[in-house]
Amino acid sequence: MDTLVHEDYFNLSFRSYSIRQEDLLYMSAMTWIGIFVLIVATDILVCLAVKSTKCCQEGCLHKLLLRLKSQYRFNIYIRYLMTVYLDLVFITGILIADDDGSTALHWTSLLAYLILSVSVFIPFMVMIYLCARFDSLKDKAGKEQFNTLLLKLDKEDRWRIFLPSFFFFRRFATGCVLVLGAREEAPAYLQFVIIISMSALKVFYLAKTEPYVQRLYTSFVTMMELCYFCLAMAIFTFTDSTDDVQLKELMTTVCLTLLCIFFLANIVMAVFFMCTGKETLRVRDQEARQKRRNGLEKRKNEKVKHKAKRKRKKQQELTKIEEKRKE
């Protein structure tokens, strides 16, 4: 019995479940399709409501509907794509992996190939689009339709707008390694190496560029990323790196603790935003932007002064050499 517990301790509890992988994928796909249909239906209703209230253009309801249409129409689709992207890559990857090529491609396989091909280019398309629109990102009207991609990001430097592209690239890589793991075509440690490497890369990026407007936001996201990094390490220890049951139980406690910290920290931050208020946050963001601009200007002036000082020193040395030569 001890040998059985030692070797199969974490597989016994799954033997009583009869849910197939295909059923889980089907339920996930149907859920996301239902949410998409609901979003499209809501968008159509808002458009019809705007047209029906067009006769009273000065009314509060018409102005509210116009604001919803202009500001949230594209942002809600972008946010939906950001939410569904990981499941999209995973489901299409499983469909492609299940195709053995013995018969003609089914329409689901063709659709999966098409969706996965488009998904590959989404991170690059986002990066190219943001770089092409970089000059208009500082304009409120210019960024209004896609500001969910750049939420609380500082648009003063191009290096700070790569975070949305990294968001999609990270989920694409995670979806691919999950597909390989589900098909048992890659060892489990490879999945966690890639996931942990992505997390470490994001921490280094946040520390180097500080992409958010306030340092408070950058610190919060960095701490959450470190918590996610520790959680991935704990899960790796919990599953495959050791056969010690006591260590696995300890790592289970650590995982649950980190999950609670992750959840509570987000709740606390949401309450902080709610209590601070929209106008106060806007003022603080403007002050942080101005402080960063002043710091950049100060460093730029210091570099110019240092360069001029070196130039004067070099000129003095050349003058002394010229005087000695004349003597």
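A quick note: this is a predicted structure, and the numbers were derived from the prediction, not measured.

**Describing the overall build of the chain**
Next up, step 1: Within the chain one finds 10 helices and 0 strands.
Next up, step 2: Per-residue burial for the chain yields a buried fraction of 30% across its 327 residues.
Next up, step 3: Taking contacts inside the chain between residues at least 6 apart in sequence as the whole, the part at least 24 apart equals 67%.
Next up, step 4: Approximately 22,400 Å² of the chain is accessible, and the part contributed by carbon and sulfur atoms is 65%.

**Re the side chain of D43**
Next up, step 1: Along the polypeptide, D43 turns up in helix α2 (residues 21–52).
Next up, step 2: At a separation of 3.0 Å, a polar atom in the side chain of D43 contacts the side chain of Y77.

**Concerning the nonpolar core**
Next up, step 1: Judged by nonpolar contacts, the single largest core of 26 residues is most densely connected at L149, L150, F168 and Y212.
Next up, step 2: Counting only elements with at least two residues in this core, the list comes to α3 (60–98), α4 (107–132), α6 (163–182), α7 (188–209), α8 (215–239) and α9 (245–276).
Next up, step 3: One finds L231, A234, M251 and L258 within the second-largest nonpolar core, a separate group that totals 6 residues.

**Some details on unusual backbone geometry**
Negative phi is the rule for most residues except glycine; trans is the rule for most peptide bonds.
Next up, step 1: At E210, a residue that is not glycine, the phi angle is positive and equals roughly 45°.
Next up, step 2: Its relative accessible area of 22% is what places E210 among the partly exposed residues.

**Section: the packing of α4 against α6**
Next up, step 1: Where α4 contacts α6, the axes come no closer than 8 Å and their chain directions differ by 165°. When the interaxial angle is binned, α4 and α6 end up roughly antiparallel. In terms of crossing hand, the pair formed by α4 and α6 is left-handed. Of α6, the residues touching α4 (which contributes L116, S119, V120, I122, P123, V126, M127 and L130) are P164, S165, F168, F169 and F172.
Next up, step 2: Along the lines of polarity and charge, the residues of the contact of α4 with α6 split into 11 nonpolar, 2 polar and no charged.

**Here's the deal with the packing of aromatic side chains**
Next up, step 1: Counted under the stated rule, the structure contains 7 aromatic pairs.
Next up, step 2: An angle of 75° between the planes, with centres 6.1 Å apart, marks the rings of W32 and Y80 as edge-to-face. You can see W32 sitting in helix α2 and its partner Y80 sitting in helix α3, a full 48 residues away along the chain. Comparing W32 with Y80, the two get one shared label, buried.
Next up, step 3: Ring geometry for Y217 and F273: centres 5.7 Å apart, planes at 70°, overall edge-to-face. With Y217 in helix α8 and F273 in helix α9, this pair connects stretches of sequence that are 56 residues apart.

**Regarding the environment of D43**
Next up, step 1: Given the relative accessible area of 14%, D43 is considered buried.
Next up, step 2: For the pair D43 and L68, spaced 25 residues apart in sequence, the C-alpha separation works out to 9.5 Å.
Next up, step 3: Leave out the neighbours within four places in its chain, and D43 touches R73 and Y77.

Here is what the cut-offs are and how they apply
- Every residue gets a number counted from 1 within its own chain, in the order that chain's sequence is written.
- pLDDT decides what is reported in this predicted model: residues at 70 or higher carry local features, side-chain atom pairs at 80 or more are listed and counted, and totals for whole chains, interfaces and linings draw on all residues regardless.
- The basis for the side-chain values is all heavy atoms of the structure; hydrogens and waters are excluded.
- Put simply, DSSP marks the helices as runs of H or I at least four residues long and the strands as runs of E at least two long, and each gets a number from the N terminus on.
- Categorising residues by exposure relies on relative accessible area from a 1.4 Å probe, with only protein chains included: less than 20% of the type maximum marks a residue as buried, more than 50% marks it as exposed, and the intermediate range marks it as partly exposed.
- Throughout, a residue-residue contact means that at least one pair of heavy atoms, one from each residue, lies within 4.5 Å.
- All accessible-area figures derive from a Shrake-Rupley calculation using a 1.4 Å probe, and residue coverage is judged against the displayed protein chains alone.
- Whenever a nitrogen or oxygen atom comes within 3.5 Å of another N or O atom, the pair is scored as a polar contact, on the condition that within protein one atom can donate a hydrogen and the other can accept it, and that pairs from neighbouring residues in sequence are kept only if both atoms are in side chains.
- In this description, a nonpolar core means a group of buried Ala, Val, Leu, Ile, Met, Phe, Trp, Tyr and Cys residues linked to one another through side-chain atoms lying within 4.5 Å.
- For every element, the axis is a line fit to its C-alpha atoms; helices are fit only across the contacting stretch, and the angle between N-to-C directions ranges from 0 to 180 degrees.
- The cut-offs work like this: below 35 degrees is roughly parallel, past 145 is roughly antiparallel, 65 to 115 is roughly perpendicular, and the gaps in between are oblique.
- Whether a crossing is left-handed or right-handed is set by the direction in which the near helix is turned from the far one by less than a right angle, anticlockwise for left-handed and clockwise for right-handed.
- All amino acids are sorted into three groups, where Ala, Val, Leu, Ile, Met, Phe, Trp, Tyr, Cys and Pro are nonpolar, Asp, Glu, Lys and Arg are charged, and the leftover types, Gly among them, are polar.
- What counts as a ring pair is set by centres within 6.5 Å for rings of Phe, Tyr and Trp (its six-membered ring), and what kind of pair is set by the plane angle: stacked under 30 degrees, edge-to-face over 60, tilted for all other angles.

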